[in-house]
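Summary of structural features
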Amino acid sequence: MENELILVLDFGGQYKQLIARKVREQGVYSVIEPCTLSIDKIKELAPIGIILTGGPDSVYAEDSPKCDPELFRLGIPILGICYGMQIMAHLTGGEVTPCSVSEYGQIETSIDVSSRLFAGLSETETALMSHTDRVTRLPEGFRRIAYTPDCENAAMENADKKLYAVQFHPEVEHTPNGKKLLNNFVYKVCGAKGDYTMKDFIEKQVEMIRAQVGESERVLLALSGGVDSSVCAALLSKAIPGRLVCIFVDHGLMRKDEGDQIEAVFSKRDLVFIRVNAEKRFLGKLAGVTDPERKRKIIGAEFVQVFEEEARKLGSIKFLAQGTIYPDVIESGAYNSANIKSHHNVGGLPENMEFKELVEPLRSLFKDEVRAVGYQLGLPASIVERQPFPGPGLAIRCIGEVTKEKLDILREADAIFREELEKSGEKSQQYFAVLTGIRSVGVMGDGRTYDYTVALRAVNTTDFMTCEYAKLSHELLGRVSSRIANEVSGVNRVVYDITGKPPATIEWE
């Protein structure tokens, strides 16, 4: 039996992934499809409800994204959000015009709590507005259910036809009771049972993997030790015990003890774990190289070379697994793609290797769901909660030429920073040390030093597209600085990066 489905139709909104995630948090499966999806395909998917996303366009513009007007006559409950409200009004006989006063930010919104959509909310709620157009005339059969001082129709409904729409964004944190609104739509309007769980997902994927791979074939996976490839490995080893071959290319550019931790976790699983210790090989290729883009290309190409050499020793393996997750699929635009894409942690897998099929058991999951599956499968927090880590590893946190000496210094400084921050209880989504290419004069004991400067980087972010620097306490930063200067030979100065993204990036190179 298939899970209940809420279909999210994308009109170009920046929050489409967030909408789908928020629905899944309600215990109902959701997928994102383009707004041009045919009516026949929608009927085939048989969703219990549909959500129309926001978007940057104006509905009256000739080239603006539009859906088939038949959508609103299917009898399926629909919730339009921002542009989704405007397109609903536009295609059902209402009127949309430019705002005399645009609304941006958190706005006090008056709502009609008699609407099923707003059940359990207060008569005044704070909601995030972000629009330059508005619905000025409601379609026939609709009634207003919310307004603001500058938007007379901030929400509307045609309860008989199960059509609902809001001008604001309930999916974001800046609308505090938005989650309750979405819950009302999913359960009170769509009548969901809430049958989507990670345990259920694992059981279904195990069946699907076995059906795809068969009873005797092996599967090959490039295991990076990141969250996605690790959870992929754990799931495959559960589905086809003993027939998963994991190649872990240790390029010597990982954090302190990380390679050993990965081996300790996966050597105990029912799979074939191959660790390739290639540090000398990678450092040889990187000798004298200072340009960050050249570093990336060299590391990516060398990874492919090492992986291919090891894979060919194994004989014929027809299935290649990858830890592709749903955001990868959405961002590539490949809603129904079966092509083997570049591995997201490295520089691309060998194009000339022949595989019968690609196995991507996580391609329908968001990152938080991947982590939940990892815990269900018994992976330790050190793997499941692993921070984003660039494919080139510490090579792009080691400014200038990469050497074993510099990497060892960086590893020790980074380990101290991560240990102290985690112990302090202060919050940051990503934090690490950078070995700058700067040497400066210092004094230790009675002697002059001329050693490296380490930069600490800690950021807070919801999407890693933008970020703010984490406002760590001076007490914590002072303790980290003291430990690094005293315990890590070759460092005499520690600085803290307080730049956001933009204008900077999260990584230094």
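Attention here is on the structure that accompanies the text. (Residues numbered from 1 in each chain as written. Predicted model: local features only at pLDDT ≥ 70, side-chain atom pairs only at ≥ 80, totals over all residues. Heavy atoms only, no water.)

**A closer look at the packing of aromatic side chains**
Inclusion rule: The pairing test for Phe, Tyr and Trp rings, Trp by its six-membered ring, is centres within 6.5 Å, and the orientation test on the planes gives stacked under 30 degrees, edge-to-face over 60, and tilted for anything in between. Strands are runs of DSSP state E lasting at least 2 residues, helices are runs of H or I lasting at least 4, and numbering of each runs from the N terminus. Only protein chains enter the area calculation, which uses a 1.4 Å probe; residues under 20% of their type maximum are buried, those over 50% are exposed, and those in between are partly exposed. Each ring is checked for a lysine NZ or an arginine CZ that lies within 6 Å of its centre and within 35 degrees of its normal; such an atom marks a charge sitting over the ring.
Within the structure shown, the criterion is met by seven aromatic pairs. Here Phe 11 and Tyr 83 contribute two aromatic rings whose centre-to-centre distance is 5.5 Å and whose plane-to-plane angle is 45°, an arrangement assigned as tilted. Residue Phe 11 is found in the loop between strand 1 (5–10) and helix 1 (16–25), and its partner Tyr 83 is found in helix 3 (residues 83–91); the two are separated by 72 residues along the sequence. Judged by its relative accessible area of 2%, Phe 11 falls in the buried class. The class for Tyr 83 is buried, based on a relative accessible area of 1%. A ring pair is formed by Tyr 469 and Tyr 496, whose centres lie 6.4 Å apart and whose planes are at 75°; its orientation type is edge-to-face. Placement of Tyr 469 in strand 17 (residues 468–469) and of Tyr 496 in strand 18 (residues 491–496) is noted, with a sequence separation of 27 residues between them. Here Arg 439 stacks its cationic end above the ring of Tyr 452, 4.2 Å away from the centre of that ring. Cation over ring: Lys 471 sits above Tyr 469, and NZ or CZ is 4.7 Å from the ring centre.

**What to know about the pattern of salt bridges**
Here is the rule we go by: For salt bridges, the criterion is a side-chain nitrogen of Lys or Arg within 4 Å of an Asp or Glu carboxyl oxygen.
Enumeration over the complete set of coordinates arrives at 39 salt bridges. For the salt bridge of Arg 21 with Asp 368, the shortest nitrogen-to-oxygen distance reads 3.7 Å. Highlighted residues: Arg 21 in helix 1 and Asp 368 in helix 11 (residues 367–376), separated in sequence by 347 residues. On the accessibility criterion, Arg 21 (27% relative accessible area) is partly exposed. The exposure class of Asp 368 is partly exposed, given its relative accessible area of 34%. Of the charged contacts, one joins Glu 70 and Arg 73 as a salt bridge, the two residues approaching to 3.2 Å between their closest N and O atoms. Residue class for Glu 70 comes out partly exposed when judged on its relative accessible area of 29%. Classification of Arg 73 as exposed rests on a relative accessible area of 59%. Ionic contacts of the salt-bridge type, sharing partners, join the residues Glu 419, Glu 420, Lys 423, Glu 475, Arg 479, Arg 483 and Glu 487 into one network.

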